[in-house]
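Chain by chain, the residues run as shown.
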Amino acid sequence: MIKVPRALFVPWPMGHHFGAPFHTTLQRRVITEALQLLQTAEASGTIVTLPIKWADVRREAKQLTAQGRSL
Amino acid sequence: MMEAVESLKLDPRETGEQLRAGLWQTINQRYPGSMITKADYVPLARLSKPLSQSRVTLISSCGVHLKSDRPMNVCHPFGDFTFRRVPSGAQQSDLIIHQLKYPHDDADLDINVIFPIERLQELVAEEVIGGLTGNFFSFIGYNMDPERFEQTVAAGIADAVEEEHADVALLAPA
């Protein structure tokens, strides 16, 4: 049991906790939203769910991944 | 071909229906006590200085390490009770993923998907965060003896994080 005092729940599959390949703005958002909790969490045990569906991530990431593969 | 397109439309990841909705409640009902409650949490430690002056470390169960480092033992039935230090200034080309328990095809394309080392380097350059510890920490999440894990990997990383004078630790599963 890790018992982290603040957590950002990312509703995405295993192996994708910071989003999708080459989607730098999304990767950055996961980090900054998690770090924001350091300032905003009022009580230990705070869990905030990132309101971004995996379907939307995949949609945005498809083209980026295709471009990235050819790099 | 048409069948393939039809089946893609039914994929819940495509239709936007989340597979994890209600998962926590389900686990609590089936395995009472397995999910921690508010009373179990450790006291909240406040930031002693602004984020822009804080030193951040990254701790991940993704099994990423330097290519030059000793590989994780991914074959042992009980797991690998060691951790690796990953220099926070490392480049993506210096790193390799040694873990079999999660899909890392996307992380192989861009390691920041599980171990966002480049994004953290950028946040330092932009002065959003004050700095990074010299090393980040990585281990494999497959460890079948929680007590031994706590005494070896968790305690070892906790000591190392203190030695590196981290103000903030970002914990990431994989």
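First, a word on scope: everything that follows refers to the structure included in this document.

Procedures and definitions
- Residues numbered from 1 in each chain as written.
- Chains lettered and ligands numbered in written order.
- Predicted model: local features only at pLDDT ≥ 70, side-chain atom pairs only at ≥ 80, totals over all residues.
- Contact = placed C-beta atoms within 7 Å.
- Helix = DSSP H or I, 4+ residues; strand = E, 2+ residues; numbered from the N terminus.
- Axes fitted to C-alpha atoms, helices over the stretch in contact; angles between N-to-C directions.
- Parallel < 35°, antiparallel > 145°, perpendicular 65-115°, else oblique.
- Nonpolar A, V, L, I, M, F, W, Y, C, P; charged D, E, K, R; others polar.
- Core = buried A, V, L, I, M, F, W, Y, C linked by C-beta atoms within 7 Å.
- Buried ≥ 20, exposed ≤ 12 C-beta atoms within 10 Å, placed from the backbone.
- Bend = angle between axes of the 7 residues up to and from the residue.
- Pairing = 2+ DSSP bridges.

**A short note on the interface of chain A and chain B**
Then, in step 1: Taken residue by residue, the interface counts 34 residues in chain A and 36 residues in chain B.
Then, in step 2: For the side of chain A that touches chain B, the elements supplying multiple residues, two or more each, are α1 (24-40) and α2 (54-69) of chain A.
Then, in step 3: Of the residues forming the side of chain A that touches chain B, the biggest block, eight residues, is contributed by α1(A).

**Some thoughts on the packing of α1(A) against helix α5 (residues 117-125) of chain B**
Then, in step 1: Look at α1(A) against α5(B): their axes get within 10 Å of each other, and the N-to-C directions meet at 75°. For the element pair α1(A) / α5(B), the angle class is roughly perpendicular. Contacts between α1(A) and α5(B) involve T24(A), Q27(A), R28(A) and I31(A) on the former and, on the latter, R119(B), L120(B) and L123(B).
Then, in step 2: In terms of residue class, the contact of α1(A) with α5(B) is built from three nonpolar, two polar and two charged.

**Digging into the nonpolar core**
Considering soluble globular proteins, one finds that nonpolar side chains tend to be buried as a cluster.
Then, in step 1: In terms of nonpolar packing, the biggest core is built from 44 residues, with V30(A), I31(A), I111(B), I114(B) and L120(B) touching the most fellow members.
Then, in step 2: Those elements giving two or more residues to this core turn out to be α1 and α2 of chain A together with β1 (55-60), α5, β6 (135-138) and β7 (168-172) of chain B.
Then, in step 3: When residues of this core are assigned to their parent elements, the largest contribution, five residues, is made by α1(A).
Then, in step 4: Once residues lying within four places of it in the same chain are set aside, the contact partners of L120(B) are I31(A), V56(B), L58(B) and L132(B).

**Points about α2(A)**
Then, in step 1: The largest bend along α2(A) reaches roughly 40° and is located at A61(A).
Then, in step 2: For α2(A), the complete set of buried residues consists of W54(A), V57(A) and A61(A).

**A few points about unusual backbone geometry**
Then, in step 1: A positive phi angle, close to 70°, is found at F22(A), a residue other than glycine.
Then, in step 2: Summarising the element assignment, F22(A) is placed in the loop between β1 (6-9) and α1.
Then, in step 3: A count of 21 C-beta atoms within 10 Å places F22(A) in the buried class.
Then, in step 4: Within the chain, E127(B) stands out as a residue other than glycine whose phi angle is a positive 60°.

**Observations regarding the pairing of strand β3 (residues 84-87) of chain B**
Residue and element names in this part refer to chain B.
Then, in step 1: The side-chain alternation of β3 yields one buried face, formed by R84 and V86, and one unburied face, formed by R85 and P87.
Then, in step 2: Taken together, the four bridges between β3 and β6 define a ladder with antiparallel strand orientation. Across the sheet, residue P87 finds its bridge partner in β6, namely N135.

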